[in-house]
Amino acid sequence: RISDQWIRSSSFSVASTQNFLLGDSTATNALAFGYRTSFFFGNKRDKDTLMNYKSNSLKIKNINAEITIQAYSLVYYNDTIVSKNDFLESIKNTILESFKRYENTKDSERLTNKIIAESMAILPELNKEKPDDFLMSFENILDSVLQGESLFNKFESYIRNRQGFSVDIAYASLFNFPANQFESSFVPRQSVWVTPTYQFKNNLNFLKVMAVLRYEWYNLGYYNQYFPDFDIYKNNTDYGLAVSTELDKCSLQFELVGRSSNSEIRVGTDLDGNVLYRKEIRSDIQYIGSFNYNLTDQIVISYSIGKGFEKVDGSKNTLVSKLSLNFGFGTPTQNNIK
């Protein structure tokens, strides 16, 4: 459902600085806020695939929980269980009945026998004084037979490479405190943008096409006061296309974005004292090519080159050329991906 996607995909970001420079290089405090959410519009095949992953994941979770609870009960609270053989003999029926709720009799017996056989070969002898090693070893055997981690990895790969149409919606804003006093604040600029994306399927699944529509609006009173030498337009509208592809460890992207800026500039008053404005319009274009190479799952080297938008301070240095090395720490796990 759209409402579920909106809630689960929502993310918020906050950044602060004490070195936001005004036009005269005065350092001030500033806070930035951002919001983003995504919507994926899958077809019936995609929905069936997700439901299959979900049902299999729930099945594995329930089987694992039922067997594990019984295992702890036998080891900790059953005084007749004093050896590995006692434990396996007592828990075998629980394992079989747990599988029978989801599998046919033949597969249930096969999986039960596999768990018992591997437990006989791998499980250490039961020590009722220190049962943790025994139970942990049994849980590892259970996990390997149920293949929960393998299912999770496949599901994660499917989500990362999900094919079809999606839309990202985002908003960003900035609060500035020019006098470094909380009660005196401005919102210099705000932005909202929509990014439709289509990931191609089958033989073209390495290709992705993205469009962007972004609208920005500026507080001209703020910029006239604190950035008097800057050429600021009241509204900016960006629109464009990007094409990207991924090949093994490499990814390439090319984007072409146009910008339309407009503003009303006060030019004086008429004989009746009415304020007169002149509408000023400017257009610009940006194109950038980016290359990324994954050195490892956590380290990416990136290089971008192209022509950026003309700077608002009048600078003509609009060539984009940037080399960066990005490090990541930690990846999603079964416990925190939803």
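Undergrad: Account for the nonpolar core, naming residues and giving values.
TA: Phe87, Ile91, Ile95 and Phe138 are the most contacted members of the largest nonpolar core, which has 26 residues in total. At the level of secondary structure, the elements contributing two or more residues to this core comprise helix H2 (44-77), helix H3 (84-100), helix H4 (105-122) and helix H5 (132-146). Sequence-distant contacts of Phe87, that is, excluding residues within four places in its chain, are made with Ala71, Leu74, Val75, Ile81, Phe134 and Phe138. Judged by nonpolar contacts, the second largest core, of 8 residues, contains Tyr218, Leu220, Phe227 and Ile232.

Undergrad: Just give me the short version of the environment of Ile169, but keep the residues and values in it.
TA: As for its position among the elements, Ile169 is in strand E3 (residues 164-177). The exposure class of Ile169 is partly exposed, given its relative accessible area of 32%. In the structure, Ile169 is positioned 133 residues away from Arg36 in sequence and 5.7 Å away in space, judged by C-alpha atoms. When sequence neighbours within four positions are dropped, the list of residues in contact with Ile169 reads Tyr35, Arg36, Thr37, Phe39, Trp193 and Val194.

Undergrad: Give me the lowdown on the environment of Ile67, citing residues and values where you can.
TA: Mapped onto the secondary structure, Ile67 falls in helix H2. Residue classification places Ile67 among the buried positions, given a relative accessible area of 0%. Note: C-alpha distance between Ile67 and Phe99 (32 residues apart in sequence) is 9.8 Å. Those residues in contact with Ile67, other than ones at most four positions away along the chain, are Ile91, Thr94, Ile95, Ser98, Phe138 and Leu142.

The rules behind these values
- Residues numbered from 1 in each chain as written.
- Predicted model: local features only at pLDDT ≥ 70, side-chain atom pairs only at ≥ 80, totals over all residues.
- Heavy atoms only, no water.
- Core = buried A, V, L, I, M, F, W, Y, C linked by side-chain atoms within 4.5 Å.
- Buried < 20%, exposed > 50% of the residue type's maximum accessible area, 1.4 Å probe, protein only.
- Helix = DSSP H or I, 4+ residues; strand = E, 2+ residues; numbered from the N terminus.
- Contact = heavy atoms within 4.5 Å.

That is the geometry; function is a separate question.
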